[in-house]
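# A look at the structure
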Amino acid sequence: MALTARRAELLEELAASLRATHPGLTIHCLPCDLASETERAALPGRCAALGFTPDLLINNAGLGEYGTFHEADWPRLSQVLAVNITALTHLTHLFVPLLKTHRASGILNVSSLAGETPIPDFAVYAASKAYVTRLTEALRIEFRPFGIEVTALCPGPSPTAFGQTAQRPGEHLPTAEFARKSPAHVVSAGLRALAAGRPDAFPGAIVWWTSRLLRLLPAPFLRLILSRRPRQARPLSP
Ligand SMILES: NC(=O)c1ccc[n+]([C@@H]2O[C@H](COP(=O)([O-])OP(=O)(O)OC[C@H]3O[C@@H](n4cnc5c(N)ncnc54)[C@H](OP(=O)(O)O)[C@@H]3O)[C@@H](O)[C@H]2O)c1
């Protein structure tokens, strides 16, 4: 198994705790800034140098940016697009040749319930996850002949560092606490869906029913609901 993210010390901590609970597991830590095309492109070679040919790619890294679009910092929005969309697409492209060498393999793309609807004040994040869910649907058909299962994991709220990262200073990301599921619950729902060959997983009954409702609601009704924004826009500063 190989783990990647930017903070090497956190990767090592995670690897140590996984080794403690699964002593037989070989874990490689490959620190990488996935927003960098050069660093991403080096990952398959780094795996090969370790003699490691993955049979499962989990595209989990992602971040949100909460607040009005016109007040957002471009570098932050650019980072959301780079990690949520470009890195996920590029990593999939880079690792498909390795996944194809196995008789059966898989890709788990971590999307979001937010990908099921446009979200004012979370517009870029929600749109980035709509991309992930749609890409996953298409690629699962393209990759079927290669024995590669592809599943979108679409969680609702889960207590991680996500909210803190997505908030701007002085802002608060509203979350539906009643729909919260633990990271362990979310991960196991995703892995079960992938193993069962399902196109997506919406962990928890509330999240699942919300996703069905969002797919069935007539667009004018959805627009009416969306216009009741929890966060009111401030006028543009001069
Ligand atoms: N938590 C929720 O409520 C929720 C709901 C729906 C969907 N999701 C999705 O779940 C996924 C995981 O998020 P999380 O909830 O676990 O949030 P998190 O605790 O903030 O974790 C985000 C992870 O992405 C990594 N990452 C971010 N930018 C990166 C970069 N440039 N290069 C490499 N790694 C990067 C971070 O590691 P480093 O900072 O060390 O790089 C961290 O490991 C995301 O795709 C998110 O959109 C979360």
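Refer to the structure above for everything that follows.
Below you will find a few notes about this structure. Please read all numbers here as calculations on a predicted model, not as lab measurements. (Residues numbered from 1 in each chain as written. Predicted model: local features only at pLDDT ≥ 70, side-chain atom pairs only at ≥ 80, totals over all residues. Heavy atoms only, no water.)

What follows is about the pairing of strand β3 (residues 56–59). Every other side chain in a regular strand lies on the same face of the sheet, so the side chains alternate between the two faces. On β3, burial follows the alternation: L57 and N59 on one face are buried, whereas L56 and I58 on the facing-out side are not. Two strands pair when backbone bridges link them, and β3 and strand β4 (residues 105–110) are joined in this way by 4 bridges, in the parallel orientation. When the sheet's bridge partners are listed, I58 is paired in β4 with L108. Once the chain exits β3 it traverses helix α4 (residues 74–99) before rejoining the sheet at β4, and the crossover so formed is right-handed. (Buried < 20%, exposed > 50% of the residue type's maximum accessible area, 1.4 Å probe, protein only. Helix = DSSP H or I, 4+ residues; strand = E, 2+ residues; numbered from the N terminus. Pairing = 2+ DSSP bridges. Right-handed = clockwise from strand over helix to strand, strands pointing away.)

End to end, helix α8 (residues 205–216) covers 17 Å across 12 residues, agreeing with the expected 16 Å (1.5 Å per residue, within 8%). Turning to α8, its buried residues are V207, S211 and L214. Projection of α8 onto a plane perpendicular to its axis shows the buried side chains occupying an angular sector of 65°, all on one side. What points out from α8, more than 90 degrees from its buried face, is the exposed set A205, W209, L213 and L216. Looking at the buried positions of α8, the neighbouring elements they touch are α9 (219–226). (Expected span 1.5 Å × (residues − 1). Arc of directions from axis to C-beta. Contact = heavy atoms within 4.5 Å.)

Taken together, the 4 strands give an open sheet; going across it, the order is β3-β4-β5-β6, and neighbouring strands pair in parallel fashion. Since the sheet does not close on itself, it has two edges, and those belong to β3 and β6 (200–201), each with one partner. Each of β4, β5 (148–153) and β6 touches helix α5 (residues 123–142); the most contacted strand, β5, lies at about 155° to it. Here helix α7 (residues 183–195) sits on the sheet in contact with β3, β4, β5 and β6, set at roughly 145° to β5. (Axes fitted to C-alpha atoms, helices over the stretch in contact; angles between N-to-C directions.)

That is the geometry; function is a separate question.
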